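# Architecture at a glance
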Amino acid sequence: MLEELHVKNIGGITTASLKLQGNFTAVTGESGAGKSSLVRALELLAGKRAQVSYLRVGEALGEVEGAFLADHIPSLPEELQPQEGVWVVKRVVTSEGRSKSYIQGHVVPLNVLSSAMTHFMHVQSQFSQLDLLDENNQLDLLDSYGGVKLLQKKMALADIFHKAVEMERKIQDLYRKRKRVEERYNGAVELIQLLKELNPSLSSEYEWENELRIVKEAISRREELESILIVLEGGMASSGLEGELENISLQLKSVLDSSNEDIERTSQSVLMALQQLIRQIRELISSKTSLEELKRRHEELESKLGGLRKCKRIARVSTMEEARRILYRRRKGNILVVRKPCRDRDPERKIKQIKKGRESTCS
């Protein structure tokens, strides 16, 4: 209930102070006496947007202050609550079009003031009867006939509703956080298992890639040497260079007479040199790792490097140092466990409990 009203430089009012008594107050006066200015001051106090035209002409600052009798106001923090049953509200308007709102001496946003003032003040205009068409206003009018007890229940219900909305917002935040965590650690068990199997060091990726390059080069050289041997020795489809030289040597021996012994010796020397070359190539091949072992090592390295790439892909990291931190935490016992929500811990149950509490309050 409004007890006192102080107005300064609003409309046609220079300064005015009113102390209201009783349940009904009528303000009368001639045209220009300041009745409309008083309504403007009450509108500002109720939280209406300020306009420069509300100021008295030539003034830089206008003020409206009201003192209300009240015990408790829903949705306001403790520092803005009435003190010893008195609740003070103030609006300040400047000629620059700016305004400030105060509750109990604290600066507050305009929407906080206007929301709180709905419990104390409604400014009616000549078209206010149109508000009766609003279903919400109709419900408010019906509720007003319920007296103090109904008002208390309505305020309690409003508190429960605001708590439910806040709880739902927190639940949605938790859902979003959980989704981010699940996305971040999706496949964590597989990642830990891979890292345990590979047991890589910080330099493993570089070492394995370098070894893989060396193995590939060795396989390539081995395959080329064996291809050369096939050309020299021949295979199932051909006799090879060695066989052809043997045939050529025999043909020369049959064609040439004894006066051409040099040619025969030369052909034999070439054949022996070729056979020596074949033996040396075979010795070289036998002294090295077999082609089967090289290919097996190649597959192992490809598998390990593929596992490392998979680890980085699962962990969403770019280096193995970051991926190994997960394995380090695993060894220290810091295991991340993502549980599926169970019914006993499901936050939706909290919403249902709040709704049941609201229904019981209404009844």
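Computed from a predicted model, the values in this text were never measured in an experiment. (Residues numbered from 1 in each chain as written. Predicted model: local features only at pLDDT ≥ 70, side-chain atom pairs only at ≥ 80, totals over all residues. Heavy atoms only, no water.)

## Concerning the sheet that holds strand β4 (residues 86-94)
Stated formally: Each pair of strands is called paired provided DSSP finds at least two bridges between the two strands. Only DSSP runs of H or I reaching four residues or more are called helices, and only runs of E reaching two or more are called strands; each is numbered from the N terminus. Orientation is described by lines fitted to C-alpha atoms, with helices fitted over the stretch in contact, and by angles between N-to-C directions that extend from 0 to 180 degrees. The contact criterion used throughout is that any non-hydrogen atoms of two residues lie within 4.5 Å.
As summarised here, the arrangement of the 6 strands in space is β2-β1-β3-β4-β5-β6, forming an open sheet in which the pairing is antiparallel. The sheet is open, and its two borders are formed by β2 (13-19) and β6 (106-108), each paired with just one other strand. Ignoring strand direction, the axes of neighbouring strands in this sheet form an average angle of 15°. Here 3 bridges tie strand β5 (residues 99-103) to β6, and the two strands are oriented antiparallel to one another. By the bridge assignment for β6, I103 is matched with H106. Taken strand by strand, helix α1 (residues 35-46) contacts β1 (2-10), β2, β3 (61-69) and β4, and its axis lies near 110° from that of β1. Set on the sheet, helix α2 (residues 110-117) makes contact with β3, β4, β5 and β6; between it and β4 the angle comes to about 135°.

## So, the packing of helix α6 (residues 204-233) against helix α8 (residues 261-287)
Test applied: Angle categories: roughly parallel below 35 degrees, roughly antiparallel above 145, roughly perpendicular from 65 to 115, and oblique for all the rest. Note: crossing handedness is left-handed where the near helix turns anticlockwise from the far helix by less than a right angle, and right-handed where it turns clockwise. Three classes are used: nonpolar for Ala, Val, Leu, Ile, Met, Phe, Trp, Tyr, Cys and Pro, charged for Asp, Glu, Lys and Arg, and polar for all others, with Gly counted as polar.
In the contact formed by α6 and α8, the axes pass within 11 Å of each other and the chain directions differ by 150°. The angle between the axes of α6 and α8 places the two elements in the roughly antiparallel class. Considering only the axes of α6 and α8, their crossing is left-handed. On α8, the residues touching R222, L225, E226, I228, L229, L232 and E233 of α6 are L274, L277, I278, I281, R282, L284 and I285. In terms of residue class, the contact of α6 with α8 is made up of 10 nonpolar, no polar and 4 charged.

## Some points on the confidence of the model for the protein
Stated precisely, the cut-off is as follows: How sure the predictor is of each residue is captured by pLDDT, a score from 0 to 100.
Per-residue confidence for the protein averages 82 on the pLDDT scale, and 86% of its residues sit at or above 70. Contacts of residues 330-345 to residues separated by more than four positions or lying in other chains number 11 contacts, the stretch itself having pLDDT below 50.

## Brief notes about the packing of aromatic side chains
Convention followed: Planes of paired rings set the category: under 30 degrees apart is stacked, over 60 is edge-to-face and the rest tilted, where pairs are Phe, Tyr or Trp rings (Trp by its six-membered ring) whose centres lie within 6.5 Å. Type-normalised accessible area, obtained with a 1.4 Å probe on protein chains alone, sets the label of each residue: buried when under 20%, exposed when over 50%, and partly exposed for intermediate values.
The tally for this structure, following the rule as stated, stands at 3 aromatic pairs. The interplanar angle of 50° and the centroid separation of 5.3 Å between the aromatic rings of F68 and F120 together place this pair among those described as tilted. With F68 in strand β3 and F120 in the loop between α2 and α3 (135-144), the pair connects residues that are 52 residues apart, well separated along the chain. By relative accessible area, F68 is classed as buried at 1%.

## Notes on the layout of surface pockets
We count it as follows: Buriedness of a pocket was judged along seven lines, with at least five required to meet protein on both sides within 12 Å; pockets are open sets of points on a 1 Å grid over the protein atoms alone, cavities are sets where a 1.4 Å probe fits but cannot get out, and lining residues have an atom within 4 Å of a point. Grid points are joined across faces, edges and corners, and a volume is the space filled by probe spheres set on the points.
A volume near 1300 Å³ is recorded for the largest pocket. T118, H119, H122, D140 and K154 are the residues nearest the centre of the largest pocket, which is lined by 34 residues in total. Of all the elements in the fold, those that place two or more residues in the lining of the largest pocket are α3 and α4 (147-184). The element best represented in the lining of the largest pocket is α4, accounting for 8 residues. For the lining of the largest pocket, a count of residues per class yields 15 nonpolar, 13 polar and 6 charged. Computed from the structure, the second largest pocket encloses a volume of approximately 670 Å³. In terms of lining, the second largest pocket is formed by 19 residues, of which the most central are L2, L20, F24, T25 and L42. Elements represented by at least two residues in the lining of the second largest pocket include exactly β1 and α1. Looking at the lining of the second largest pocket, the element that brings in the most residues is α1, giving 4 residues.

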